[in-house]
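# Architecture and fold: a report
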Amino acid sequence: MENFTAYNPTVLHFGKNVIDKLPAHLAGTGQNALLLTGKGSVKKYGYYDQVIEKLKEAGKNIVDFSGIKPNPVIDDAEKAVELARNRHIDFIIALGGGSVIDTAKMVNMAFANNLPVWDIMKRRVEPVKKVPLFVILTLAATGTEMNGAAVLQNHQTQEKIGYFSPLMYPDVSFLNPAYTFTVPKNQTINGIVDLVAHSLEAFFSGGSAPLPDRFVAANIIETFDYAPALLNDLTNYDLRARMLWSATVAENGTTMHGRTTSGDWGTHALAHHISLLWDTPHGQTLSVLFPAWMKANLNKISSRLKQLGKLLTGNSQIKPEDTIRIFEDFFTRIGAPVRFEQLGLSKEDKEKLLNLWLKNKPTGTNVTLDENDYQNIISFL
Ligand code: NZQ
Ligand code: ZN
């Protein structure tokens, strides 16, 4: 096992009516709340009204910023920073999925440190302080509710990248599985793929971390077992709760301690280019890319594939190719795309993707990728 530091300062409330706990946490935070939301789902389904009621109960002023899009962009983050400055906000509330929460995290860094969002993300400057961040999650997928990461895209530089800072862990996160009842089936599938992909990213990091390996396998088995039932019963509280907690645990450190890095993240780096080019939902980019990445890197990861297959099936004779097939079959069974064409994209689009990879050189922290690997991965898409 490698040396590691276990650090996760987020207080997380999970379950029915957790929003009732919000006012107590707001004592001493200052008067002015910046409330960030997405394209309208939270207003349509009533979560927004519930949060407003709690903010009023706590006697806070609300500065509203809505319209953050899926696959969020730095332009929206910069606009929200400007609003935060003009209205002298004291703390931030993010109500929504990963796109809203990630935007809130970067707005926090840029506002509190008076720095441009993109300069922070490119690590040209270093934030040193924050304002309090409260998160009310409405979609199980990214794990951003209990980690220090954010991902934004910049169409000017043609990049979608992640940024991590210990300052970006939410202070308090509120997870009510009932808030996820309204997530449509296709978006629920995307979330399931994302949590499985995060488990795989952790597993394919370097070093030896036997207990986190078992956590990864347990979370994947849990997902294999309940996801199909959930997709047939979208308002089932227990199934939604299982998925919500699985998604959080897949990326809150539990699966990463003792590895050489906190995940490989090569597949995510490749996948972000598909979202950047065609605004494809994050989960769909991963169900297409992960099987291709595993096939293209078979020689580099064959023993790990065998190990994962053994943990998942109990069969110590399992072949690496069989482990890949387990994931491809699962994605297919739940209705996620596993081929580039299923995203509605063409052969010419593959060229575009390859060219952008060649320009930006996405790679993993453990399984490093070069130009030949890009060609190889494209051939398996
Ligand atoms: O915009 P609104 O109207 O809110 O609708 C959203 C959006 O259309 C909708 N939605 C959310 N909650 C809902 C709901 N619809 C009905 N009922 C609800 N309760 O769902 C759509 C997708 O929302 P989005 O926030 O984009 O989804 P997700 O949570 O999957 O976030 C994806 C983003 O997070 C990044 C991804 O790259 C992508 O940009 N990631 C962030 C990570 C992190 N910070 O740790 C790690 C991940 O690997 C990922 O890269
Ligand atoms: Zn992801």
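Residues numbered from 1 in each chain as written. Chains lettered and ligands numbered in written order. Predicted model: local features only at pLDDT ≥ 70, side-chain atom pairs only at ≥ 80, totals over all residues. Heavy atoms only, no water.

## Quick notes on the nonpolar core
With 95 residues, the main nonpolar core has Leu36, Met106, Trp293, Met294 and Phe327 as its most contacted residues. Two domains each provide a minimum of three residues to this core, namely domain 1 (11-180) and domain 2 (185-380). Counting residues in hydrophobic clusters, the runner-up holds 20 residues, among them Tyr47, Leu55, Phe91 and Ile136. (Core = buried A, V, L, I, M, F, W, Y, C linked by side-chain atoms within 4.5 Å. Buried < 20%, exposed > 50% of the residue type's maximum accessible area, 1.4 Å probe, protein only. Domains from an automatic or database assignment.)

## Things to note about the sheet that holds strand β2 (residues 32-36)
Reading across from one edge, β1-β8-β5-β4-β2-β3 is the order of the six strands in this open sheet, with parallel pairing throughout. The two strands at the open ends of the sheet, each matched to only one other strand, are β1 (11-14) and β3 (61-65). Going from strand to strand, the sheet's axes swing by 20° on average, the running direction of each strand aside. Direction of pairing for β2 relative to strand β4 (residues 91-96): parallel, over a ladder of four bridges. Along β4, the bridge assignment pairs Ala33 with Phe91. (Pairing = 2+ DSSP bridges. Helix = DSSP H or I, 4+ residues; strand = E, 2+ residues; numbered from the N terminus. Axes fitted to C-alpha atoms, helices over the stretch in contact; angles between N-to-C directions.)

## Looking at the environment of Ala141
By the element assignment, Ala141 lies in the loop between β5 (133-137) and β6 (149-154). Judged by relative accessible area, which is 10%, Ala141 ranks as buried. With 132 residues separating them in the primary sequence, Ala141 and Pro9 have C-alpha atoms 20 Å apart. Apart from residues no more than four positions distant in its own chain, Ala141 is found in contact with Gly191, Asp194, Leu195, His198 and Ala247. (Contact = heavy atoms within 4.5 Å.)

## What to know about the site of ligand 1
Lining the immediate surroundings of ligand 1 are 34 residues, of which Lys39, Gly98, Ser99, Thr182 and His198 lie closest. Between ligand 1 and Asn147 there is a distance of 3.1 Å, counted from an oxygen atom to a side-chain nitrogen or oxygen. Side-chain polar atom of Thr182 to a nitrogen atom of ligand 1: 2.7 Å apart, as the coordinates give it. Out of a free accessible area of 960 Å², ligand 1 has 91% covered by protein chains. Elements supplying a minimum of two residues to the shell around ligand 1: α5 (98-113), β6, α7 (185-203) and α10 (266-278). (Near = heavy atom within 4 Å. Polar contact = N/O pair within 3.5 Å; in protein donor to acceptor, adjacent residues only side chain to side chain. Areas by Shrake-Rupley, 256 points an atom, 1.4 Å probe, with all protein chains shown as cover.)

## Quick look at the domain arrangement of the chain
It is common to report an interface's size as the accessible area lost on association of the parts. In terms of domain boundaries, the chain breaks down into domain 1 (11-180) and domain 2 (185-380). Put simply, the middle of domain 1 and the middle of domain 2, counted by C-alpha atoms, are 26 Å apart. Taken together, the contact pairs 29 residues of domain 1 with 26 residues of domain 2. The contact between domain 1 and domain 2 buries some 2200 Å² in all, and 60% of this surface belongs to carbon and sulfur atoms. Summed over the three residues of domain 1 that lose the most area to domain 2, namely Ala140, Gln158 and Lys160, the buried surface amounts to 23% of that side. (Buried area = accessible area lost by both parts, 1.4 Å probe.)

## Some points on the packing of aromatic side chains
This structure, assessed with the given rule, holds 14 aromatic pairs. In textbook terms, an aromatic cluster arises when at least three aromatic residues are bridged by ring pairs, as seen for Phe203, Phe204, Phe290 and Trp293. Positioned over the ring face of Phe203 is Arg304, at 3.7 Å from the centre of the ring. (Phe/Tyr/Trp six-rings, centres within 6.5 Å; stacked < 30°, edge-to-face > 60°. Lys NZ or Arg CZ within 6 Å of the ring centre and 35° of its normal.)

## Examining the coordination of the zinc ion (ligand 2)
Donor atoms from the polypeptide that coordinate the zinc ion (ligand 2) comprise Asp194 (OD), His198 (NE2), His268 (NE2) and His282 (NE2), at 2.0 to 2.1 Å from the metal. The sequence motif formed by the donor residues of the zinc ion (ligand 2) is D-x3-H-x69-H-x13-H. With Asp194 and His198 both in helix α7 and four residues apart, this pair spans about one turn of that helix. Across the pair, His198 and Asp194 agree in class, each one buried. (Donors = N, O, S within 2.8 Å, 3.2 Å for Na, K, Ca; no water.)

## Considering the packing of helix α14 (residues 347-360) against helix α15 (residues 371-380)
Running from N to C, α14 and α15 cross one another at 160°; their axes reach a closest spacing of 10 Å. The pairing of α14 with α15 is recorded here as roughly antiparallel in orientation. The two elements α14 and α15 meet at a crossing, and its hand is right-handed. Together, Lys350, Leu353, Leu354, Trp357 and Leu358 of α14 and Glu371, Tyr374, Gln375, Ile377 and Ile378 of α15 make up the contact between the two elements. Residues of the contact of α14 with α15, tallied by class, amount to seven nonpolar, one polar and two charged. (Parallel < 35°, antiparallel > 145°, perpendicular 65-115°, else oblique. Left-handed = near helix turned anticlockwise from the far one by under 90°. Nonpolar A, V, L, I, M, F, W, Y, C, P; charged D, E, K, R; others polar.)

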